Amino acid sequence: MSETFLPFCRPQISPDDIAAVTAVLNSGWITTGAKTAALEAAFCELTGARHAVAMSSATAALHLYLLAKGIGPGAEVITPSLTWVSTVNLITLLGATPVYVDVDRDNLMTTADAIERAITPRTKLIIPVHFAGAPLDLDPIRALAAAHGIPLLEDTAHALGTLYKGIPVGRGADSIFSLQAIKNVTAAEGGVLVTDDDELAAKLRRLRFHGLGVDAYDRATQGRNPQAEVMEPGFKYNLPDMCSVLATSQLARLDRINARRAELAARYHELLRELSQEQPQVQPLAAPAWPHKHSWHLFVVRVPERDTFIEAMKAQGIGCGIHFRAVHQQKYYRELHAKSGAPLPHALPNTEWNSARICSLPLFPDMTAADVERVVQAMRTVLTTR
Ligand SMILES: *Cc1c(COP(=O)(O)O)cnc(C)c1O
């Protein structure tokens, strides 16, 4: 190939981002401090949540949330299998049981009906996933959780800037955003949990920093209070200022980032409409029926013989991703279920159908329209020459 490799994702780092990180490096305080507090304030402003707690990853935030909710042996947690592995890993590591629910065939999100069928007296938490930048149908899901008195944690890792019926995702429910490198806004690594629950926020702040009675950063002393003592054993999941400031700088242009992603996605849709006429097995996801604003975290398309397709695209100089392989079909979980001999409590036909076919095409703000055309042309070549 004469053209350079087009990766599936590349973070957009602006001169302002670099200046902001450099200023922290020159400031004498690089770990958790005022810049992390500013990032948390920006998340409160964006979502309207009372509290935002920044951590070293969304996975870390999820870990502490599960602990705070007392998830352990005997507890069941309802979640799709078409999710990032960390959710199911942590449920499993805590000795609890993941109960998988199927997703819609064309938007990859679970529904209140599927969740309701999976509720038992042991259900202690529900973790649905906003997928690819589209919102879940939240009204029925939130009503269901409230009616059963079961906590609801929304996985909003894909949904920064997404609106559901005009309201930002993350408002009105405990939610976890990720700032990992491929996400719409990044801190290199990081996660932010938003909540309206004062007690929960205080507990998470303690647990993220050794269980000390104070945060890493004490405003009065411009550092760590040397008198702080352990209130309960905690972890080391704080997010450094060096990382936070990068995310805050990017957050200031979130509207532009997401608008650019939407333009590129629109171009994909135009070109794929033509390609689908020749190749009916090429199917982009469908937009949800409810009013929403999409944040276009991923552009997912279903293709035949996905694994060889991705290899062939790579040979054409184009990187693709998979979001996600169904967790229950991955080695450890496959073997665990095989050993138990019992079938999964709920059939997952749409999850399994999609898990074999989904492919995430390159999508990042610095891509050009010509890059999109190149991707679809490569798809045409790959699909017609095998
Ligand atoms: C990225 C992602 C996570 C995990 O985020 P980290 O910050 O990498 O821990 C969780 N859930 C979903 C759906 C994700 O895409």
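Residues numbered from 1 in each chain as written. Predicted model: local features only at pLDDT ≥ 70, side-chain atom pairs only at ≥ 80, totals over all residues. Heavy atoms only, no water.

On the surface, Leu 25, Ile 30 and Met 242 cluster together into a nonpolar patch covering about 260 Å² of accessible area. Summarising the element assignment, Ile 30 is placed in the loop between α1 (15-25) and α2 (34-47). Given a relative accessible area of 42%, Ile 30 falls into the partly exposed group. (Patch = residues over 30% accessible without salt bridge, like charges linked within 9 Å, V, L, I, M, F, W, Y side chains within 5 Å. Areas by Shrake-Rupley, 256 points an atom, 1.4 Å probe, with all protein chains shown as cover. Salt bridge = Lys/Arg side-chain N within 4 Å of Asp/Glu carboxyl O. Helix = DSSP H or I, 4+ residues; strand = E, 2+ residues; numbered from the N terminus. Buried < 20%, exposed > 50% of the residue type's maximum accessible area, 1.4 Å probe, protein only.)

Turning our attention to the nonpolar core. Grouped together as the largest cluster of nonpolar side chains are 35 residues, with contacts concentrated most on Ile 78, Leu 108, Ile 115, Ile 126 and Phe 131. Elements represented by at least two residues in this core include exactly β3 (97-101), α5 (112-118) and α6 (138-148). Each of domain 1 (15-253) and domain 2 (255-385) accounts for three or more of the residues forming this core. What Ile 78 contacts, discounting residues up to four positions off in sequence, is Val 99, Val 101, Ile 115, Ala 118, Ile 119, Thr 123, Leu 125, Ile 126 and Ile 127. Membership of the second largest hydrophobic core comes to 29 residues, among which are Met 313, Leu 361, Val 375 and Leu 383. (Core = buried A, V, L, I, M, F, W, Y, C linked by side-chain atoms within 4.5 Å. Domains from an automatic or database assignment. Contact = heavy atoms within 4.5 Å.)

Around the ligand, 13 residues are found, and the nearest of them are Thr 59, Asp 155, His 158, Ser 178 and Lys 183. In this structure, Asp 155 approaches the ligand through a side-chain N or O atom, which is 2.8 Å from a nitrogen atom. Between Ser 178 and the ligand, the recorded distance is 2.7 Å, taken from a side-chain N or O atom to an oxygen atom. Its residues assigned to classes, the shell around the ligand comprises five nonpolar, six polar and two charged. (Near = heavy atom within 4 Å. Polar contact = N/O pair within 3.5 Å; in protein donor to acceptor, adjacent residues only side chain to side chain. Nonpolar A, V, L, I, M, F, W, Y, C, P; charged D, E, K, R; others polar.)

Taking strand neighbours across the sheet as the criterion, the four strands line up as β1-β9-β8-β5 in an open arrangement whose pairing is mixed. Here the strands that pair on one side only, and so sit at the sheet edges, are β1 (51-55) and β5 (153-155). Each neighbouring strand pair of the sheet contributes to a mean axis angle of 20 degrees, computed without reference to strand direction. By the bridge criterion, four bridges tie strand β8 (residues 174-178) to strand β9 (residues 191-195) in an arrangement that is antiparallel. Across the sheet, residue Ser 175 finds its bridge partner in β9, namely Val 194. Against the sheet, helix α3 (residues 58-68) contacts β1, β5, β8 and β9, and its axis sits at roughly 155 degrees relative to β8. (Pairing = 2+ DSSP bridges. Axes fitted to C-alpha atoms, helices over the stretch in contact; angles between N-to-C directions.)

Attention now moves to α1. Turning to α1, its buried residues number three or more, namely Asp 17, Ala 20, Val 21 and Val 24. Along the axis of α1, the buried residues cluster in a sector spanning 95 degrees; they form a single face. For α1, the secondary structure elements touched by its buried residues are α2 and α8 (241-251). (Arc of directions from axis to C-beta.)

All right, on to the packing of α1 against α8 then. Interaxial distance between α1 and α8 falls to 9 Å at its minimum, and their mutual angle equals 155 degrees. Considered as vectors, α1 and α8 are oriented roughly antiparallel to each other. Relative to α8, α1 is oriented so that their crossing is right-handed. Of the residues in α8, those in contact with Asp 16, Asp 17, Ala 20, Val 21, Val 24 and Leu 25 of α1 are Asp 241, Met 242, Val 245, Leu 246, Ser 249 and Gln 250. Its residues assigned to classes, the contact of α1 with α8 shows seven nonpolar, two polar and three charged. (Parallel < 35°, antiparallel > 145°, perpendicular 65-115°, else oblique. Left-handed = near helix turned anticlockwise from the far one by under 90°.)

What follows concerns the domain arrangement of the protein chain. Note on interface size: it is often stated as the accessible area lost on association of the parts. Taken domain by domain, the protein chain consists of domain 1 (15-253) and domain 2 (255-385). Just the C-alpha atoms count here: the centres of domain 1 and domain 2 sit 25 Å apart. Listed by partner, the interface residues are 41 residues for domain 1 and 41 residues for domain 2. Of the roughly 3,500 Å² buried between domain 1 and domain 2, counting both surfaces, carbon and sulfur atoms make up 60%. The partner of Asp 106 in a salt bridge is Arg 302, and the shortest N-O contact between them spans 2.8 Å. (Buried area = accessible area lost by both parts, 1.4 Å probe.)

A few words now on the packing of α2 against α8. With their axes 8 Å apart at the nearest point, α2 and α8 run at an angle of 35 degrees to one another. As α2 runs across α8, the sense of the crossing is left-handed. Listed contacts from α8 to Ala 34, Lys 35, Thr 36, Leu 39, Ala 42 and Phe 43 of α2 are Asp 241, Ser 244, Val 245, Ala 247, Thr 248 and Leu 251. Of the residues assigned to the contact of α2 with α8, the class counts are seven nonpolar, three polar and two charged.

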